[in-house]
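# Fold and contact review
What follows is the residue order along each chain.
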Amino acid sequence: MAGTFIGIGVGPGDPELITVKAVKALKAADIICVPKSQAHKQSMALRMVKQILAERENPAEILELVFPMTKDELNNRKLWVENAAIVAAKAKKGNVAFITLGDPMLYSTFLYLYECVKETYPEIELEIIPGVTSVTAAAASSKLPLAEKEEVVSIIPSDLTPARIEETAKHADNLVFMKCAHHIKEFVPLLLKSGFTKNSTVALVKRCTLAEEKVLVGKLGDVESWDITEDYFSVAIVKKSQVPIHWKQNGNGVKP
Ligand SMILES: C[S@@+](CC[C@H](N)C(=O)[O-])C[C@H]1O[C@@H](n2cnc3c(N)ncnc32)[C@H](O)[C@@H]1O
């Protein structure tokens, strides 16, 4: 009988934000799949679960799977199929857990593999353990609510055209930028055309919940003067409304 393929969300960075259910699954899985964008790169997800894996009585087999972030759809598809075959072979021998940053169902590499395994190997049981997303963690770190009452919140990933960003912004009260948040300066003119104003509130959260976390909070009109270093692990929250908050400067940026 085939084992289970389990997608585990390990949260945004702080190991204390891993759920009890995820810890149990990480301690019980026979094989832990670690996604990497390049073979030589360290995996942030593996770093987060290191302590949990060290507490196991029997060490798990660690299986590194490389998923380069490329725009070559055909090559990507080929890699997902190959990686799905590796997972399927391993699942014949036991339970295979796939660790993913944040939540597995939100812009995660796990999703492509999951779809491939589901289609090609229907005998494999599938399970998903949700995790704390970087979106909710960024809201907590910046102390800016994602949405309240009737507010609509939209998530904007990278690679959207300016027209699509403008259109999305027109219909949302609050926006979250992922994968492209460090380019926030480029989005300001589009937002100003879509109902946001220079007084709208912005938070840019870099390396959320990690020791090196940086939080910048201010008005959309201030963003131009922010010193933003490029970092893929950044989330920006932009609220149409002006939020009456008091911020003070500290070593990690501007914090409440
Ligand atoms: C491929 S998506 C993965 C999202 C993830 N599945 C989640 O639920 O948060 C990668 C993007 O998530 C965001 N991200 C993930 N971890 C982060 C962190 N610790 N701090 C800030 N942003 C983070 C960044 O926007 C990054 O570009």
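Anyway, here's the lowdown on the structure attached to this text. Please read these numbers as outputs of a predicted model, since none were measured by experiment.

### Points about the overall build of the protein
- Scanning the protein from terminus to terminus reveals 7 helices and 12 strands.
- A compact globule built from 256 residues should have a C-alpha radius of gyration of about 18 Å, and the protein, at 20 Å, falls within 12% of that.
- A burial count over the protein gives 46% of its 256 residues as buried.
- Nonlocal contacts in the protein, meaning residues at least 24 apart in sequence, comprise 72% of its contacts between residues at least 6 apart.
- On the protein, roughly 13,400 Å² of surface is accessible, and the fraction owed to carbon and sulfur atoms is 54%.
- Taking the 31 positively charged and 31 negatively charged side chains of the protein as two groups, their mean positions are separated by 3 Å.

### Observations regarding the sheet that holds strand 4 (residues 96-100)
- Within the open sheet, the 5 strands sit side by side as 3-2-4-1-5. Their pairing is parallel. Of all the strands in the sheet, just strand 3 (61-66) and strand 5 (125-129) have a single pairing partner and so form its edges. For this sheet, the mean inter-axis angle between neighbouring strands, taken without regard to orientation, is 25 degrees.
- Pairing between strand 2 (residues 31-36) and strand 4: 3 bridges, direction parallel. From the neighbouring strand, I31 faces strand 4, where its bridge partner is V96.
- Against the sheet, helix 2 (residues 44-54) makes contact with strand 2, strand 3 and strand 4, and its axis sits at roughly 130 degrees relative to strand 4, the strand it touches most.

### A short note on the site of the ligand
- Every one of the 17 residues lining the ligand counts as a neighbour, but P12, L106, S134, Y232 and S234 are closest to it.
- One of the backbone N or O atoms of D103 is found 2.8 Å from an oxygen atom in the ligand.
- At a separation of 2.7 Å, an oxygen atom of the ligand approaches a polar backbone atom of S234.
- One can see that the ligand is located within the largest pocket.
- Considered class by class, the residues forming the shell around the ligand number 10 nonpolar, 4 polar and 3 charged.
- Of the residues that make up the shell around the ligand, three or more belong to each of domain 1 (4-129) and domain 2 (134-255).

Conventions used here
- Residues numbered from 1 in each chain as written.
- Predicted model: local features only at pLDDT ≥ 70, side-chain atom pairs only at ≥ 80, totals over all residues.
- Heavy atoms only, no water.
- Helix = DSSP H or I, 4+ residues; strand = E, 2+ residues; numbered from the N terminus.
- Rg over C-alpha atoms; globule rule 2.2 N^0.38 Å.
- Buried < 20%, exposed > 50% of the residue type's maximum accessible area, 1.4 Å probe, protein only.
- Contact = heavy atoms within 4.5 Å.
- Areas by Shrake-Rupley, 256 points an atom, 1.4 Å probe, with all protein chains shown as cover.
- Lys, Arg positive; Asp, Glu negative; His and termini not counted.
- Charge placed at Lys NZ, Arg CZ, Asp CG, Glu CD.
- Pairing = 2+ DSSP bridges.
- Axes fitted to C-alpha atoms, helices over the stretch in contact; angles between N-to-C directions.
- Near = heavy atom within 4 Å.
- Polar contact = N/O pair within 3.5 Å; in protein donor to acceptor, adjacent residues only side chain to side chain.
- 1 Å grid on protein atoms, 1.4 Å probe; cavity = no way out; pocket = protein on both sides within 12 Å on 5 of 7 lines; lining within 4 Å.
- Sits in = over half its atoms within 2 Å of the grid points.
- Nonpolar A, V, L, I, M, F, W, Y, C, P; charged D, E, K, R; others polar.
- Domains from an automatic or database assignment.

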